[in-house]
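# Architecture and fold: a report
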Amino acid sequence: MDQNKFLKYIFERIKREDYRGIHLSQHNRLPFDKVLEILKTINNIAGTSIFKIHIGDWKGKKQKGCETYYKIVDVLENVIEQGTVNSLKKNIFPDLDTMGFLNRYNPKGELVSPDKRETIDSVALTKFAVDFINEEKPRKQYKMYIEATEKLLEPILDELFYLLYKIFESINVYEYMFIVSDEKLSTQEKINLINSYRRLKKIQKIKVNQEILKIFKEINKKAINKKYKRDFGNWYNESLQIFNLLNQTVYFKTFRKTVLMLSISQEALEFIATRSQRQREKYFDWHNVRKAEGYQLHHICPLSYATTRRQLELIDNYKNLIYISDKAHSKIPHDLFIQLVVKGDRIFLINPVDKKSIDITDEIIIDTQHLGEMVQYNKKLLEKIG
């Protein structure tokens, strides 16, 4: 394990201030309808006029000359139930700028490039935004949105397409997060590291995640301010957001949000998705249970662990599912508790690395006569994907 190239690489990478790698968006979910509503609201209130925005963090006091901006914030809070004085200018506007829908200006009135960090004093809709709003044909309007989305992803599109067309069948969210997102690596280095990562046993991969969390905790204790802190959850969510954006392009499709494939693999993807629905239905039949409010199906061994279509099929199996309460599901630590164990009349999810356990006995709807078979399948599954 100590000789694995990926392990040496990842524990060096997380020491860097730029450990999160390439930065493409502001963690926004900007689906078609939401973008359209935001742009329509701005257009209805400001048209194409340049208007001042709030500078600095919002502390409850309005700034002179920003009346139009505050009005837009108020309307958006009602229309999309999202958007604050801070989030609109810090999170949404930068992405709209990169997408070509918004121009941003510094205090001198000079246009600021999307890739530059400057104080933004004012903004205005672009001609492309107005054309997008006024397009009467939904298909053409959606095409414009896709083109705008691709601008956010431009830095990674060609390399990802190459990796998935020439080298790998799929790339999961951890492979993107830990390896592909690093701008300092060449494409060949990324290929080598992904192969190295895939040679690790599944339990070793779990241990990597835990070790990173432990190191981050130690770094955060010593950090003098937010700039030097590490956040595994935000890093992971940022990678999921990138997968979500990629899924909206014509080139890529995601499976269960965590596995990326090419759209030309659509038949395989549809097969897996159809099969997945059958597995969910099989669970309810096998356990003779009905759907209940406040419960959800949970993969004991997560789908994100799959690196091939065959592994996806093994993981997305009714014997790897449990119907668990939303409350309990929210408390399961991130992709770590993947072993199913029965002790006496109690049912546990266990982290194979540190042996910590979560008692789920009273939180699942299940036919207990099948538990033995599920435990055996869980053992075989962890061996196969390890």
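Throughout what follows, the structure given in this document is the object of discussion. This structure is a prediction, so every number in the text was calculated from the model and none was measured. (Residues numbered from 1 in each chain as written. Predicted model: local features only at pLDDT ≥ 70, side-chain atom pairs only at ≥ 80, totals over all residues. Heavy atoms only, no water.)

### Here's the deal with the sheet that holds strand E10 (residues 346-350)
Backbone hydrogen bonds hold the strands of a sheet together, and the pairing may be parallel or antiparallel. With antiparallel pairing, three strands are arranged side by side in an open sheet as E9-E10-E11. Single-partner strands in this sheet number two, and they are strand E9 (339-343) and strand E11 (357-359). When the angles between neighbouring strand axes are averaged without regard to direction, this sheet yields 30°. Note that E10 and E11 share three bridges and pair antiparallel. Residue pairing in the sheet places Phe348 in a bridge with Asp359 of E11. Contacting E9 and E10, helix H14 (residues 371-385) crosses the sheet at an angle of about 145° to E9. (Pairing = 2+ DSSP bridges. Helix = DSSP H or I, 4+ residues; strand = E, 2+ residues; numbered from the N terminus. Axes fitted to C-alpha atoms, helices over the stretch in contact; angles between N-to-C directions. Contact = heavy atoms within 4.5 Å.)

### Thoughts on helix H6 (residues 138-167)
Each turn of an α-helix holds 3.6 residues, which means side chains three or four residues apart point in the same direction. With 30 residues, H6 should cover 44 Å at 1.5 Å per step; its first-to-last C-alpha distance of 36 Å lies more than 12% under that length. The largest bend in H6 amounts to roughly 80° and is located at Leu153, with the proline Pro155 lying one to four residues further along. (Expected span 1.5 Å × (residues − 1). Bend = angle between axes of the 7 residues up to and from the residue.)

### Let's talk about a positive patch on the surface
Among the surface-exposed residues, Lys137, Arg139, Lys140 and Lys143 lie close enough to one another that they form a single positively charged patch. Tracing the chain through its elements places Lys137 in the loop between helix H5 (127-134) and H6. (Patch = residues over 30% accessible without salt bridge, like charges linked within 9 Å, V, L, I, M, F, W, Y side chains within 5 Å. Areas by Shrake-Rupley, 256 points an atom, 1.4 Å probe, with all protein chains shown as cover. Salt bridge = Lys/Arg side-chain N within 4 Å of Asp/Glu carboxyl O. Lys, Arg positive; Asp, Glu negative; His and termini not counted. Charge placed at Lys NZ, Arg CZ, Asp CG, Glu CD.)

### A few points about the environment of Val375
Considering the arrangement of structural elements, one finds Val375 in helix H14. Classification of Val375 by relative accessible area gives buried; the value is 13%. Separated by 337 residues in sequence, Val375 and Ile38 have C-alpha atoms that sit 49 Å apart. (Buried < 20%, exposed > 50% of the residue type's maximum accessible area, 1.4 Å probe, protein only.)

### Considerations on the pattern of salt bridges
Tallied over the full model, the rule gives 14 salt bridges. With its nearest N and O atoms 2.9 Å apart, the salt bridge here joins Asp18 to Arg16.

### Here's the deal with the nonpolar core
Ranked by size, the top nonpolar core spans 79 residues in total, and within it Phe6, Tyr69, Leu96, Phe178 and Leu246 carry the most contacts. Here this core takes 11 residues from H6, the largest share from any one element. Residue contacts for Phe6: discarding those within four places in its chain leaves Phe178, Ile179, Leu193, Ser196, Tyr197, Leu200 and Val208. Tyr283, Leu321, Leu349 and Leu382 belong to the second largest nonpolar core, which has 40 residues in total. (Core = buried A, V, L, I, M, F, W, Y, C linked by side-chain atoms within 4.5 Å.)

### Focus: empty space enclosed by the protein
Taken as a whole, this structure holds two cavities of 30 Å³ or more when the rule is applied. Reported here for the largest cavity is a volume of approximately 60 Å³. Lining the largest cavity are Asn172, Tyr174, Tyr197, Lys202, Lys205, Ile206, Asn209, Ser304 and Tyr305. By residue number, the principal contributor to the lining of the largest cavity is helix H9 (residues 202-222), which donates four residues. For the lining of the largest cavity, a count of residues per class yields four nonpolar, three polar and two charged. By volume, the second largest cavity is sized at about 40 Å³. Lining the second largest cavity are Arg20, Ile22, Tyr176, Ser181, Trp235, Glu238, Ser239 and Ile242. (1 Å grid on protein atoms, 1.4 Å probe; cavity = no way out; pocket = protein on both sides within 12 Å on 5 of 7 lines; lining within 4 Å. Points joined across faces, edges and corners; volume = space filled by probe spheres on them. Nonpolar A, V, L, I, M, F, W, Y, C, P; charged D, E, K, R; others polar.)

### Digging into the layout of surface pockets
A volume near 840 Å³ is recorded for the second largest pocket. Along its surface, the second largest pocket is lined by 28 residues, and Tyr236, Arg256, Thr258, His329 and Asp335 are the ones closest to its centre. Mapped by element, the contributors of at least two residues to the lining of the second largest pocket are helix H10 (232-247) and strand E7 (295-299). At six residues, the largest contribution of residues to the lining of the second largest pocket is made by H10.

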